[in-house]
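For reference, the chains in residue letters:
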Amino acid sequence: MTVTSRTEDLLALRHSEIPRGVSLAHPVIAARAKDVKIWDVEGREYHDWVGGIGVLNVGHNHPAVVAAMQAQLANISHTRFQVTAYEGYLRLAQRLNARFPGGAHAKTLFLTTGEEATENAIKIARAHTSRPAVISFTHSFHGRTLMGMTLTGKKADYAQNFGPFASEVYRLPFPNPYRPRPGWRRTRGSTGAAGTSTTPWWRRSTAPRWPAS
Ligand SMILES: Cc1ncc(COP(=O)(O)O)c(C=O)c1O
């Protein structure tokens with residue numbers, strides 16, 4: 001009999017049961033978590049600097065979040081808001097709208113994922129402007145759906161062999177004054193760190209320029 005650690009057993013299960021397209025950044029299998037800490041199935045303790053990639057602003061299992069989720073599940077699991085509305089959705093939208101800094105009365109819709117939000121932002125912009133084209137930048141990540149993947153600049157990681165892609169998406173090199181593209185003019189103050197100007201670096205006459213050709 002081969003003796004393996006619990007992590008190795010579960011990693012073997014991950015390889016046999018989950019498609020390889022779902023990447024795995026670390027060979028760590030979490031058993032439980034609290035606040036900023038995660039414990040793996042071996043009992044090892046980690047500080048979680050990832051937070052579900054920036055979406056756990058109050059850490060793991062915050063008591064207020066757990067209580068709110070338990071109360072919601074005990075009350076209504078799911079209705080699909082478009083079919084049957086409920087007050088929690090309306091009140092949360094109201095609270096977010098009140099914080100909108102633009103002055104105008106904002107409205108909110110709730111979506112499940114980041115790429116769904118991105119896709120809907122494009123739908124809303126297209127419907128409002130009647131202009132279909134969208135610009136995205138190199139080295140960007142916008143999601144794994146058809147539009148998300150089309151927008152994503154990291155093609156080798158997220159879009160290889162998955163075409164054809166959505167139309168009317170145009171890509172620009174991301175202006176990175178810290179690591180400028182060959183041919184860019186790198187000038188003093190172009191990082192925005194130096195000087196007292198309040199003009200953003202991308203509007204200054206010293207900002208990096210595209211090559212002439
Ligand atoms: C800038 C950006 N857009 C879209 C997404 C996709 O979000 P989700 O994975 O929730 O669909 C991410 C996720 O990391 C993101 O960082």
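The rules behind the values
Residues numbered from 1 in each chain as written. Predicted model: local features only at pLDDT ≥ 70, side-chain atom pairs only at ≥ 80, totals over all residues. Helix = DSSP H or I, 4+ residues; strand = E, 2+ residues; numbered from the N terminus. Buried ≥ 20, exposed ≤ 12 C-beta atoms within 10 Å, placed from the backbone. Contact = placed C-beta atoms within 7 Å. Near = placed C-beta within 6 Å. Nonpolar A, V, L, I, M, F, W, Y, C, P; charged D, E, K, R; others polar. Pairing = 2+ DSSP bridges. Axes fitted to C-alpha atoms, helices over the stretch in contact; angles between N-to-C directions. pLDDT = per-residue confidence, 0-100.

**A closer look at the overall build of the protein**
So, point 1. Within the protein, the secondary structure is distributed over seven helices and five strands.
So, point 2. Taken from N to C terminus, the helices and strands of the protein fall in the order α-β-β-β-α-α-α-α-β-α-α-β.
So, point 3. Burial status across the protein gives 5% buried among its 213 residues.
So, point 4. Taking the contacts inside the protein whose residues are at least 6 apart along the sequence as the reference set, 34% of them involve residues at least 24 apart.

**As for the site of the ligand**
So, point 1. The environment of the ligand is formed by Ile 53, Thr 113, Gly 114, Glu 115, Thr 118, Phe 141, His 142 and Gly 143.
So, point 2. Per element, the largest residue contribution to the shell around the ligand is three residues, and it comes from helix H5 (residues 114-129).
So, point 3. For the shell around the ligand, the residue count by class is two nonpolar, five polar and one charged.

**A look at the sheet that holds strand S3 (residues 45-47)**
So, point 1. Pairing in this open sheet of three strands is antiparallel, and the strands run S1-S2-S3 from one edge to the other. Each end of this open sheet is capped by a strand with a single partner; those strands are strand S1 (30-34) and S3. Neighbour-to-neighbour, the strand axes of the sheet open up by a mean angle of 25 degrees, direction not taken into account.
So, point 2. Bridge count between S1 and strand S2 (residues 37-40): four bridges; the pairing is antiparallel. Bridging from a neighbouring strand, Ala 33 pairs with Ile 38 of S2.

**Brief notes about the confidence of the model for the protein**
So, point 1. Confidence in the prediction of the protein, expressed as mean pLDDT, is 86, and 83% of residues score 70 or more.
So, point 2. When the criterion is pLDDT under 50, residues 188-196 qualifies, and its contacts beyond four places in sequence or with other chains add up to 16 contacts.
So, point 3. Confidence drops under a pLDDT of 50 for residues 207-213, and excluding neighbours within four residues, the segment shows 13 contacts in the predicted structure.

**Topic: unusual backbone geometry**
So, point 1. Cis geometry marks the peptide bond from Gly 163 to Pro 164; its omega dihedral reads 0 degrees.
So, point 2. Secondary-structure assignment places Pro 164 in the loop between helix H7 (155-158) and strand S5 (169-172).
So, point 3. Not every positive phi belongs to a glycine, and Ile 53 is a case in point at roughly 55 degrees.
So, point 4. Within the secondary structure, Ile 53 sits in helix H2 (residues 51-54).

**Thoughts on the environment of Ala 159**
So, point 1. For Ala 159, the position within the fold is in the loop between H7 and S5.
So, point 2. Along the chain, Ala 159 and Thr 145 lie 14 residues apart, while their C-alpha atoms are 9.8 Å from each other.
So, point 3. Ignoring sequence-local partners within four residues, the contact set of Ala 159 consists of Met 149 and Thr 152.

**Things to note about the environment of Tyr 170**
So, point 1. Tracing the sequence through the fold places Tyr 170 in strand S5.
So, point 2. Considered as a pair, Tyr 170 and Phe 137 are 33 residues apart in the sequence and their alpha carbons are 8.3 Å apart.
So, point 3. Contact partners of Tyr 170, with chain neighbours within four places excluded, come to Ala 133 and Ile 135.

**Looking at the environment of Glu 45**
So, point 1. Relative to the helices and strands, Glu 45 is located in strand S3.
So, point 2. Overall, the presence of 8 C-beta atoms within 10 Å leaves Glu 45 in the exposed class.
So, point 3. The spatial distance from the C-alpha of Glu 45 to the C-alpha of Arg 32 is 9.8 Å, given a sequence separation of 13 residues.
So, point 4. Other than its neighbours up to four places away in sequence, Glu 45 contacts Lys 37 and Trp 39.

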